[in-house]
Amino acid sequence: MTLYFFAWIASLLFGLEGIVAKLVNRHSIQNPWLLNFLWMLFVLIFTVPIALFCGATLPISFSFILGGSIFFALASVLNTIAISKLDVSVLVSLFSFRTAMAVIVGSFFLHEVLTAHQYFIILLIFVFGIFVTIDERFSFKSFFTWNILIALVYMLSLVFSAMFFKLSVAINGFWNTALWIPLVGQFWLLFTIPFFKNIIVKVEFRQYLAIIAIAVIGVLGTLSANAAYSKNVSLASVIISLPLSMIIAFLFSIFAPELLENHSLKVYMVRFTAAIIMVIAALNL
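Per-chain numbering applies: the sequence of each chain, read as written, is numbered from 1 onward. The predicted origin of the model limits local features to residues at a pLDDT of at least 70 and limits the giving and counting of side-chain atom pairs to 80 or more, whereas totals for whole chains, interfaces and linings rest on all residues. Think of the side-chain values as coming from all heavy atoms in the structure, minus any hydrogens and water.

> Is there a simple way to explain unusual backbone geometry in this structure?
A negative phi angle is the norm for most residues apart from glycine, just as the trans form is the norm for most peptide bonds. Although it is not a glycine, Phe138 sits at a positive phi angle of roughly 50°. For Phe138, the location among the structural elements is in the loop between α6 (116-131) and α7 (146-172). Comment: elements are numbered from the N terminus, with helices defined as DSSP H or I runs of at least four residues and strands as E runs of at least two.

> Where do I start with the packing of aromatic side chains in this structure?
For Phe, Tyr and Trp, rings pair up if their centres lie within 6.5 Å, where Trp contributes its six-membered ring, and each pair is then called stacked (planes under 30 degrees apart), edge-to-face (over 60) or tilted (otherwise). One pass over the structure, following the stated rule, counts 23 aromatic pairs. Aromatic side chains Trp33 and Phe195 sit 4.4 Å apart centroid to centroid with 15° between the ring planes, which places their arrangement in the stacked category. You can see Trp33 sitting in helix α2 (residues 32-53) and its partner Phe195 sitting in the loop between α8 (174-189) and α9 (205-229), a full 162 residues away along the chain. Ring geometry for Phe71 versus Phe160: centroids 5.1 Å apart, planes at 20°, classification stacked. In this pair, Phe71 sits in helix α3 (residues 63-85) while Phe160 sits in helix α7, placing the two residues 89 residues apart along the sequence. Note on classification: 1.4 Å probe, protein chains only; a residue is buried when its accessible area is under 20% of the maximum for its type, exposed when over 50%, partly exposed between these limits. Classification of Phe71 by relative accessible area gives partly exposed; the value is 22%. Residue Phe160 is classed as buried on the basis of its relative accessible area, which comes to 17%.

> I keep staring at helix α5 (residues 96-110) and nothing clicks. Help me out?
Each α-helix winds once per 3.6 residues, and so residues spaced three or four apart point in a common direction. A helix is expected to reach a length of 1.5 Å times the quantity of its residues less one. Taking 1.5 Å per residue as the helical rise, α5 with its 15 residues ought to reach 21 Å, and the 21 Å between its terminal C-alpha atoms agrees with that figure. For α5, the set of buried residues is Ser96, Phe97, Ala100, Met101, Val103, Val105 and Ser107. Note on contacts: a residue pair qualifies if any of its non-hydrogen atoms lie within 4.5 Å across the two residues. Contacts from the buried residues of α5 go to α6, α7 and α12 (265-283). Of the residues flanking the end of α5, it is His111, one or two places downstream, whose phi is positive at about 55°.

> So what exactly am I meant to see when it comes to the environment of Ser241 here?
Residue position: Ser241 is located in the loop between α10 (233-240) and α11 (244-255). The sequence separation of Ser241 and Ser93 amounts to 148 residues, and the corresponding C-alpha distance is 9.9 Å.

> Sorry if this is basic, but what is going on with the layout of surface pockets here?
Rolled over the atoms, a probe sized like a water molecule indicates the empty space that remains. In this structure, the second largest pocket spans a volume of roughly 170 Å³. Definitions used for this entry: grid spacing 1 Å over protein atoms alone; cavity, a set of points where a 1.4 Å probe fits but cannot get out; pocket, an open set with protein on both sides within 12 Å along at least 5 of 7 lines; lining residue, one with an atom within 4 Å of a point. Taken together, Lys85, Leu86, Asp87, Val90, Thr133, Asp135, Arg137, Ser142, Thr145, Asn147, Ile148 and Arg271 make up the full set of residues lining the second largest pocket. In the lining of the second largest pocket, the residues fall into 3 nonpolar, 4 polar and 5 charged. Grid points are joined across faces, edges and corners, and a volume is the space filled by probe spheres set on the points. Side-chain classes are defined by residue name, with Ala, Val, Leu, Ile, Met, Phe, Trp, Tyr, Cys and Pro counting as nonpolar, Asp, Glu, Lys and Arg as charged, and the others, Gly among them, as polar.

> In this structure, what is going on with a nonpolar patch on the surface? I would like to understand it.
A patch consists of residues exposed above 30% relative accessible area that lack any salt bridge, with like charges linked at up to 9 Å and nonpolar side chains (Val, Leu, Ile, Met, Phe, Trp, Tyr) linked at up to 5 Å. Reported accessibility uses the Shrake-Rupley method at a 1.4 Å probe radius. Residues are deemed covered only where the shown protein chains occlude them. We define a salt bridge as a contact between a side-chain nitrogen of Lys or Arg and a carboxyl oxygen of Asp or Glu at a distance within 4 Å. There is a patch of nonpolar side chains on the surface, built from Ile247, Leu251, Ile254 and Phe255 and spanning about 410 Å² of accessible area. Note on placement: Leu251 falls in helix α11.

> It is not clear to me how the side chain of Ser168 should be interpreted in this structure. Could you clarify?
Considering the arrangement of structural elements, one finds Ser168 in helix α7. Given the relative accessible area of 0%, Ser168 is considered buried. Residues within four places of Ser168 in sequence aside, it is in contact with Phe64, Ile65, Gly173 and Thr177.

> Whenever I open this one, the nonpolar core confuses me. Can you help?
One broad trend across soluble globular proteins is that nonpolar side chains are buried collectively. Here, the term nonpolar core denotes a set of buried Ala, Val, Leu, Ile, Met, Phe, Trp, Tyr and Cys residues that are joined through side-chain atoms within 4.5 Å. Judged by nonpolar contacts, the single largest core of 67 residues is most densely connected at Trp39, Leu94, Phe97, Ile125 and Met155. Ignoring any residue separated from it by four or fewer positions in sequence, one finds Trp39 in contact with Glu17, Ala21, Asn79, Thr80, Ile83, Ile211, Ile214 and Ala215.

> Could you clarify how one ought to interpret the packing of α5 against α6 in this entry?
Geometry of a packed helix pair, given as the angle between the helix axes and the separation of the axes. Axes here refer to lines fitted to C-alpha atoms; in helices the fit is confined to the stretch in contact. Angles between the N-to-C directions go from 0 to 180 degrees. Across the interface, α5 lies against α6 with an axial gap of 10 Å and an inter-helix angle of 145°. As for how α5 packs across α6, the hand of that crossing is left-handed. Along its contact with α5, which presents Ser96, Phe97, Ala100, Val103 and Ile104, the element α6 presents Gln118, Ile122, Ile125, Phe126 and Gly129. Residue composition of the contact of α5 with α6, by class: 7 nonpolar, 3 polar and no charged. By definition, any crossing whose near helix is turned counterclockwise from its far helix by less than a right angle is left-handed, and any crossing with a clockwise turn is right-handed.

Below you can see the structure in the form of structure tokens.
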């Protein structure tokens, strides 16, 4: 029961995190560079005391932490830009690409040959990935855009970020890694300040509260996911990978279309069908 509880809580919180971030970007802070910097800053602020309480200290080695921090910062920037450019129901569906990319990258570094079955599943994910981007024009060109490319590079950044995180955990332990990667990552994000330095002084208290809400949801989601993973990684991954934010976005399109996104039922049927097939395929890689 503990596994299911924490896994479903994590899945719901991660879904809410993307929804709230999209709402904040669309209606409060339109500059994705500013939103990302403050978002990651508050995530770090909430992570530090938890990590220290759990025994985090100076790491034994900074090598994998340095690499992980670079990809952490890159992934956070690309995620926020993708959120600002794409529908939630599109972006969350593309997460299945992360699984396919992880298998490809893993086989490259481990010098393993993929099976014909794995190649077929990866091809399936890429084919149906085109359908999750469909809009009212029903044109496949909707997939071949710069915005989709940004999202795909974001997925690849997540793969490398997770890889460095895992390597660091083996040397430094979980909580040292969980503390130092975002801490050093925030240093890299300082280089994005020129993209919002003229407007950061104009951020209002209510806007800070909105960003704090995103950070709190994300941190709680991560803690819940870690609790679920400690019980059973495979089963927890299945539950947490469910695209619940897609369902939330669909409900918004029905009851409050002006707030988030608004498409026809036919578009959502295509997106949901493609997303389900991609998730099932990713789970079988």
